[in-house]
Structures are given as C-alpha cells and as structure tokens.
Amino acid sequence: MIESMKKFSLLVYHAEYIEFLEKLRSLGVLHVEAGESELSAENSAKITKINQIKNLINEMDARKTGDDVAPEISNGEELLNLIEEKNDVINKITQDIHSLEKEKESVVPWGNYNPATIEGLRNAGYQIQFLICEDKNWDDDWTKEADIEFVNQENGEMFLFAISKGGEKLVHPNLDEVKLEQPTSFYENQIQAKQKALDKVNDELDEISLYAKQVLTQRINDLQGEIDYATVFNSGEKVADNKLFVLTGWVPSKVQVQFGQELDAAGVVYTMEAPTPEDTMPIKLKNNKFARLFESIGELYTLPNHKELDLTPFFAPFYMLFFGFCLGDTGYGLLMVIGTIIGLMKAKPKIKPLLWLGFFLGVSTTIMGVLGGTFFGVMFGLDSEGQPLQQVAWLHQYQQWVLNTDNLMILSLGLGYIQVIFGMILKAVNLAKVYGFKYSIAQIGWIIIVAVTIPAFALGSQNMIDVSLANQIALASGVIGGIPAILYNTPGKNILLNFGTGLWDTYGMASGLLGDVLSYIRLFALGLSSAILGSVFNSLAMDLSPDLIVAKQLVMILILAFGHSLNLFMALLGSFVHPLRLTFVEFYKNAGFEGGGHKYEPFSSK
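Note that the structure is a prediction, hence the values are computed from the model and not measured.

On to the confidence of the model for the chain, then. Here the chain shows a mean pLDDT of 85. Residues at 70 or above account for 95%. The weakest mean pLDDT in the chain belongs to helix α13 (residues 393–399) at 60; the strongest belongs to helix α10 (residues 312–327) at 93.

Structural data, given as structure tokens:
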C-alpha cells in the first residue's frame, strides 16, 4: 500500500532561510517539490564527480581480496586524490614498460654486447657499424672492405657487425645501418625495475581497497547532500520583493503532527492540506514483511501514482508461484533454500532482503518440483524407461499424484486466467477509489462475464457440469454483466455512445483476454524445458562415462556439475524474466495500472 502524505507550504523570511534549511535537513522528513531551475555548472560538476567516484569504488572492489579494515585516510577527497595519483603513476609506468619492450624488441636480434668495448674500439680509431641486409643481397666483396661478423639471421634478413680501420665506413645501397644505444640486458633491467615499481603501487592500492569503499561512499553522500541542498535552496519561490521564500513539500501523515510542532517552534508560517488528484505526491510504499521483499521487483517497472493502488502485495504471491513453476525442480529449489539460509547467517543487513526473496522463491521452486516429480532432472518413482517403480510402494503411490505434462499445461493456463480476473477486480476497486463507484460498474460487468459466464459455458460444453444448469448460469450472468459492460461504460454520456464504446470494448476484451491467458503457457514451457535439459545432462553423464572404477565417477561428476550449473543458470534467468513479463504486461494491464510515481526522498543529511 501507499503511505498517505500531507502537503506543506512553508513561508520563510529571507534572512532566516539558510538557517531554516539546516533545520529541515536535520529533521529529515520533508520531501521538497523541486523547482524547474536549470542544473548549475557547479552541481553538474559534482554529478560528474559522483560518477567518477562510483567507477573508482568498482575498481577498488575488483582489487579487494580481504575483509574491511579501519580507514587509514578518512577524508574522502584526500583519498580520492591519492587513488587518482597512484592510478596516474600506474598509467605512466605501464606506458614506460610498453615503450621499453618495443625498444627491447628492436635490439633482440643483436643479442647482448658490452657498450664499453664498442666505445673503446671507436676511441682506438675503428669504425663500428650494426648493419642489416636481405639474404639475397649479400655480397662477399664486403668482407674485403671490413671485418664482418654474422650476428643473427631471421625472416630473410642478416644482422651484421662490421669493424673497419680508418675513416671509411662500409657503405652500400643494400646495407642499412642501425644505431644501437643499449644492449638487450639494459632494457631487461629497466623493465624489471619498472615492474617492481608497478607492483609496489598496486600493492599500495590493494591495501587502500580494504577501506576505500566506506570512505568514498561517504564522499558520494556528502556531494549528493550538497546537490540536494542547492536544489532545495533554489526550490524556494521568492515573493514579497524577495523578502520571503515559499517552500512546498510532502511529509508522511504519521509524522505530520511532530513536523508541525517543529515548524511552530521555529516560528514558521505554514499550511497543511491533503493531496488532490492534480498533485504529484511522492510515493512511499508501506507493506508487510513478505510483500516488502517484492518492492524492488515492482520498482524495476515504475512506482504507482498516489491515486491508485500499490499492486506489490497483490502480484507478490503470483510472482513467487510463477518463479517456482518456471524452475520447477526440487533439487534446484533445495539448493536455493540452503544457499540463502547460509547467506542469511553471514550477510549484511542491507543484503538480507534479497536473500529472503531468494529463500521464498526457492521454497516455491521446491514445492513445484515436488508437484512435478523432478529432482535434478530425475523423475521420482520412475525407472530408466519412464515406468512407475512397483517395488517401492510409497514412491509408486506418490507418482500417482504427480502432475503430468497435460496437467501442468492446464494448471499454467488456469493460474493465468485467475490472475487476469484478479487484475480485473483490482481495476474495478481502483476505478471506484479514484473516480467513484459508478465508474467501476462496467468493469464489474466484465468481471462477471469473465469469471462466471465463460467458465460456466466452458464447463458445460465439456460435460463437466450439467449442460442445462451451465447454460442457465452463463445466460443469467451474461445478461447481468453484459448490460452495464455494454450500456454503462462511460457514465454521463448518451446511451448510443455507451453502446458504441461497449462494442469496441467487447472486441478488445475478446482478443485481449485470449492473448493474455495464452501468454501464461510460457510457465509450462519453461518448466518443461528445464526438466528435459536436466534429464539430458543426466543421460550424458551415464553414457559418456568410461567403464573404469575411478574415472567413471569423476567424469560423471564433472558432466553433472557442468550440465546442471548451466541448466540452473539459464533456468534462473528465464524464471526471473518471464514472471516479470507476465506481471508488468498481462497483470498490470488488466489491473489498469498507470504508474508514473516518483519515490519519496526527504531532504536529510546523508
């Protein structure tokens, strides 16, 4: 459900405005209606910095290898600058290593040599040359002009070391002289030294990563607080020759009295009123512990607006059931249950709601797995040929209660039909809540037709109930529901307009209802595909294992672990997405959900 709010309009003297905003921030309950002022360059820069810090937090998390420690640097800006400096050092050292490796690569063919020896020969009057020529261009006459040593030969090139006495160098169009500054060992030593420096900086960042998140997160909160303050400050409308500020905001009804007392104590003039349909009241959801776990799922789409119902507690049981239907394996469900229980023992409070959600989804999966009779792709009570095990009495008896594929398909469609009807009921309630009861009468008519007329006719046509009784029920309910649905769908308009609109609604209902209900067959299809894939991997593990005592078990375990891990991952993904789609499309549409609400975010110290 949506928590009720009260709208406050505050009148503040300009000289007391800044002091009053600090008081508002300390109270932390007023959601201020932001003005339409453009984002300042200062705030824009702060938003950019927040994004930059978030990236650094992700980088630090990737480095983190141990538990959190007490911060050595508690100042967020100082730590941010330090991390950036070290990242700059890392980038520079990495570039230096890359340059040195390229230079090393160019001298590798020449091997190691002593630069002092080369310099000594040059001082003695010898011409020292490092030359390259292609194999096909070699000329034996060159050896008459200088002493030549073959240093290396690769890729069709010859690497030569030439010594000649006097001032004449060996020169030829087919010879390329190379200027070598240092031997390979020099660059190897340089790279090694740079790598040690790089490792040292990385170690320092690894140590910082153990406390960086808490410090940088606080810095984000500080920056966000500064942005919020500036936004709230600019949201005040100046009146009376800029002598007064008018500030408008929302406060939960449960704290309106205390908030009013604080305003009275501060000597602030204010008005308080209930929200009108035209207002854009912020949304604060208030649900029980179970439904609260599913609020994050609903927020993936949008929040409800303040005029309508919060559908979270209504779709939560269906989502849980549909998830279990899609995954539908006792073994996978027990894995989720056991995994989340272990996680709940160790997790931080912030993570526990997600783990509880996973726990309930695991329970649903386990129950549906029991109903479907599967455990890691193995059918309970069936032999390798799919026949009931007669030897184990209780398994044989249990197998008689397991839902077969036909039953599961009918169940998926039946659940879809029920959720569609439930959504239609919620739409009627919502119409009565927002516009008045008379606007829900036509919707009630459609509910009678869909919930009574169609099932009665279907049951009668299949001889599941007495045909004459079914026809009487279908006729009576069809008339009772059809009259308001066709003739009273737009209260206050003439009957011809209502009749035309009713015919159009009938076409939309007939085509839409069929498509909506058939969408739920995906529950059956996903559950079946997961079971089949699990069974396939079981068969592969048996068939591909060699007939060796130890190797057979090892290969079987590897195939089962890989196969079921892959199947579980794909099944979890489908089990999350497809119930989400059924909720946001079929259920929300039939419930008349509009959405568009924005979250209640009080002006407070972060």
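More follows now that the structure is in view.
This part takes up the packing of helix α14 (residues 405–434) against helix α15 (residues 441–461). The description of two helices packed together rests on the angle between their axes and the distance between the axes. As a packed pair, α14 and α15 sit with axes 9 Å apart at the nearest point and diverge in direction by 160°. What the angle tells us is that α14 and α15 run roughly antiparallel. Both α14 and α15 take part in a crossing whose hand is left-handed. Judged by residue contacts, Y417, I421, M424, I425, K427, A428 and L431 of α14 engage Q443, I444, W446, I447, V450, A451, I454 and P455 from α15. For the contact of α14 with α15, the class distribution of residues is 13 nonpolar, 1 polar and 1 charged.

Read across the sheet, 4 strands follow the order β4-β5-β3-β6 without closing on themselves; strand pairing throughout is antiparallel. The open sheet terminates on both sides in strands that have one partner only, identified here as β4 (147–154) and β6 (176–178). For this sheet, the mean angle separating the axes of adjacent strands, direction not counted, is 30°. Direction of pairing for strand β3 (residues 126–134) relative to β6: antiparallel, over a ladder of 3 bridges. Each residue of the ladder has a partner; that of F130, found in β6, is V178. Against the sheet, helix α4 (residues 115–123) touches β3 and β5 (157–165), its axis set at about 120° to β3.

Turning next to the nonpolar core. If you look at the biggest cluster of nonpolar residues, it comprises 36 residues, and the most contacted ones within it are I53, L79, I83, F130, I208, A212 and L216. Taken together, the elements giving at least two residues each to this core come down to α2 (41–63), α3 (76–107), β3, β5 and α6 (184–235). Considering each element in turn, this core owes the most residues, 13 residues, to α6. If we ignore the near neighbours within four places in the chain, the residues touching L79 are I73, I208, Y211, A212, V215 and L216. L30, L247, V268 and I283 belong to the second largest nonpolar core, which has 27 residues in total.

Here we take up the pattern of salt bridges. In this structure the tally under the stated criterion is 23 salt bridges. Between K136 and E134 there is a salt bridge; the shortest N-O distance is 3.8 Å. Salt bridges here are not isolated pairs; linked through shared partners, they connect E3, K254 and K284.

Since there are 3.6 residues in each turn of an α-helix, residues three or four apart along the chain are aligned in direction. With 30 residues, α14 ought to run about 44 Å at 1.5 Å a step, and its terminal C-alpha atoms sit 43 Å apart, in line with that. Residue N404 occupies the N-cap position of α14, its side-chain oxygen lying 3.1 Å from the main-chain nitrogen of D406. Positive backbone phi, approximately 115°, marks G436, located one or two places after α14.

On the surface, a cluster of negative charge is contributed by E72, D199, D203 and E207. Among the secondary structure elements, D203 is positioned in helix α6. For D203, a relative accessible area of 44% corresponds to the partly exposed category.

A word on the side chain of T366. Relative to the assigned elements, T366 resides in helix α12 (residues 352–372). On the accessibility criterion, T366 (14% relative accessible area) is buried. Among the polar contacts made by the side chain of T366, one reaches the main-chain amide nitrogen of L334 at a distance of 3.4 Å. Among residues more than four places away in sequence, those in contact with T366 are T330, G333, L334 and V337.

A few words now on the packing of α15 against helix α17 (residues 495–519). Taken N-terminus to C-terminus, the directions of α15 and α17 make an angle of 45°; their axes are 12 Å apart at the nearest point. Considering the angle they form, α15 stands oblique to α17. Considering only the axes of α15 and α17, their crossing is right-handed. Here W446, V450 and I454 of α15 lie close against α17, whose contacting residues are G502, D505, T506, M509 and L513. The residue makeup of the contact of α15 with α17, split by class, is 5 nonpolar, 2 polar and 1 charged.

Here we come to the packing of aromatic side chains. Across all of its chains, the model carries 34 aromatic pairs by this definition. Relative to F422, the ring of F314 has its centre 5.9 Å away and its plane inclined at 65°; by these criteria the two rings are edge-to-face. One end of the pair, F314, is in helix α10; the other, F422, is in helix α14, with 108 residues separating them in the sequence. Ring plane angle 50° and centroid distance 5.9 Å describe the contact between F318 and F322, whose orientation is recorded as tilted. Of this pair, F318 and F322 both sit in helix α10, 4 residues apart, which is roughly one turn of that helix.

About the cut-offs
- Residues numbered from 1 in each chain as written.
- Predicted model: local features only at pLDDT ≥ 70, side-chain atom pairs only at ≥ 80, totals over all residues.
- Heavy atoms only, no water.
- pLDDT = per-residue confidence, 0-100.
- Helix = DSSP H or I, 4+ residues; strand = E, 2+ residues; numbered from the N terminus.
- Axes fitted to C-alpha atoms, helices over the stretch in contact; angles between N-to-C directions.
- Parallel < 35°, antiparallel > 145°, perpendicular 65-115°, else oblique.
- Left-handed = near helix turned anticlockwise from the far one by under 90°.
- Contact = heavy atoms within 4.5 Å.
- Nonpolar A, V, L, I, M, F, W, Y, C, P; charged D, E, K, R; others polar.
- Pairing = 2+ DSSP bridges.
- Core = buried A, V, L, I, M, F, W, Y, C linked by side-chain atoms within 4.5 Å.
- Buried < 20%, exposed > 50% of the residue type's maximum accessible area, 1.4 Å probe, protein only.
- Salt bridge = Lys/Arg side-chain N within 4 Å of Asp/Glu carboxyl O.
- Expected span 1.5 Å × (residues − 1).
- Polar contact = N/O pair within 3.5 Å; in protein donor to acceptor, adjacent residues only side chain to side chain.
- Patch = residues over 30% accessible without salt bridge, like charges linked within 9 Å, V, L, I, M, F, W, Y side chains within 5 Å.
- Areas by Shrake-Rupley, 256 points an atom, 1.4 Å probe, with all protein chains shown as cover.
- Lys, Arg positive; Asp, Glu negative; His and termini not counted.
- Charge placed at Lys NZ, Arg CZ, Asp CG, Glu CD.
- Phe/Tyr/Trp six-rings, centres within 6.5 Å; stacked < 30°, edge-to-face > 60°.

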